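A look at the structure
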Amino acid sequence: MAETSRANTRGPGAILLGVLLLAACDRPAPPSPPSPVPKAPPSPPPIEEPSDFVDYAFRITKDARTDGGMACWGCYRKAQAGIRAVPGVQRVEPYPDEGYFDVRYERRRLRDRTDVYMALKKALPEVEIESIGALPEFSRRVRMTNQVPPEVRAILDQATDAKPLVVIKLTGRGACAACAFQEPPWGSRVVRADLDVDAVAGLKPWLAPQAVPEWVALDRAGGYLGRWEGAFDPAAFDEQLERLVAVASR
């Protein structure tokens, strides 16, 4: 009887232990920690592709200038046209008051700047040319004073309601013959006059010419309306003149 009682006592405990063990076996195993992600090698620095176009400046020395130091638009326009004719050249910007040409050309079509240099030399055989590279930083000429010179005031006084627009041609006593541009007809509503930038005191700081000749358009009060820099576009001139007359009439 004693042995049977001990056996019965062990039975429920053994069953409970078996149930716990079975439940433990049925539990899902904890997830394994993720494997470390290998670090990607550092990316190489981006390769800068060369631009399709190059900007390059040439400096002109000992060019044709007036007695007062003004450059001639005729010489610079001739050289500008010659450079534009070089295959691969996209843009030519002259700075005659500073003595520079800024040339933009296509790298693949123009591998040697000698062609640009020779075009400059052909157009301006008497000048000296320096290859600069990047165009230096400088400012365009700007009006330095609002004081109207007496010579200009006398011309402005000739303007009327019938002739509201004043056009002054800026010349230089030492300008070369290449700068004798042919003028279009101005019509009956324009007061036209010539002034020498080397002879009229205060004209340069008031109108800020870059070269000669320049034709400057003014209203009756001396207000600046625009200018032609050594050349006229025949296709656009009539429309330009009509617009300026209309503005000056207000």
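Described in the following lines is the structure provided in the data block. Not measured: the values here are computed from a predicted model.

**With respect to the side chain of Thr 66**
The topology assignment puts Thr 66 in the loop between β1 (53–61) and β2 (71–72). Looking at Thr 66, its side chain comes within polar contact range of the side chain of Asp 198, at 3.0 Å. Each residue touching Thr 66, except ones within four places of it in the same chain, is listed here: Gly 172, Gly 174, Ala 175, Asp 198 and Val 212.

**Let's talk about the packing of aromatic side chains**
Summed over all chains, the structure comprises nine aromatic pairs. Arranged with centres 5.6 Å apart and planes meeting at 90°, the rings of Phe 232 and Phe 237 form a pair that is edge-to-face. Per residue, the accessibility class of Phe 232 equals that of Phe 237, and both read buried. Members of the aromatic cluster, each reached through a chain of ring pairs, are Trp 186, Trp 215, Trp 228, Phe 232 and Phe 237.

**Quick notes on the environment of Lys 204**
Looking at the element boundaries, Lys 204 is found in helix α5 (residues 203–207). Overall, the relative accessible area of 23% leaves Lys 204 in the partly exposed class. Note: C-alpha distance between Lys 204 and Leu 170 (34 residues apart in sequence) is 9.5 Å. Discounting chain neighbours no more than four positions away, the residues touching Lys 204 are Gly 68, Met 70, Val 197, Asp 198 and Pro 209. Engagement of the side chain of Lys 204 in a polar contact is seen with the backbone oxygen of Gly 68, the distance being 3.1 Å.

How each quantity is defined
- Residues numbered from 1 in each chain as written.
- Predicted model: local features only at pLDDT ≥ 70, side-chain atom pairs only at ≥ 80, totals over all residues.
- Heavy atoms only, no water.
- Helix = DSSP H or I, 4+ residues; strand = E, 2+ residues; numbered from the N terminus.
- Polar contact = N/O pair within 3.5 Å; in protein donor to acceptor, adjacent residues only side chain to side chain.
- Contact = heavy atoms within 4.5 Å.
- Phe/Tyr/Trp six-rings, centres within 6.5 Å; stacked < 30°, edge-to-face > 60°.
- Buried < 20%, exposed > 50% of the residue type's maximum accessible area, 1.4 Å probe, protein only.

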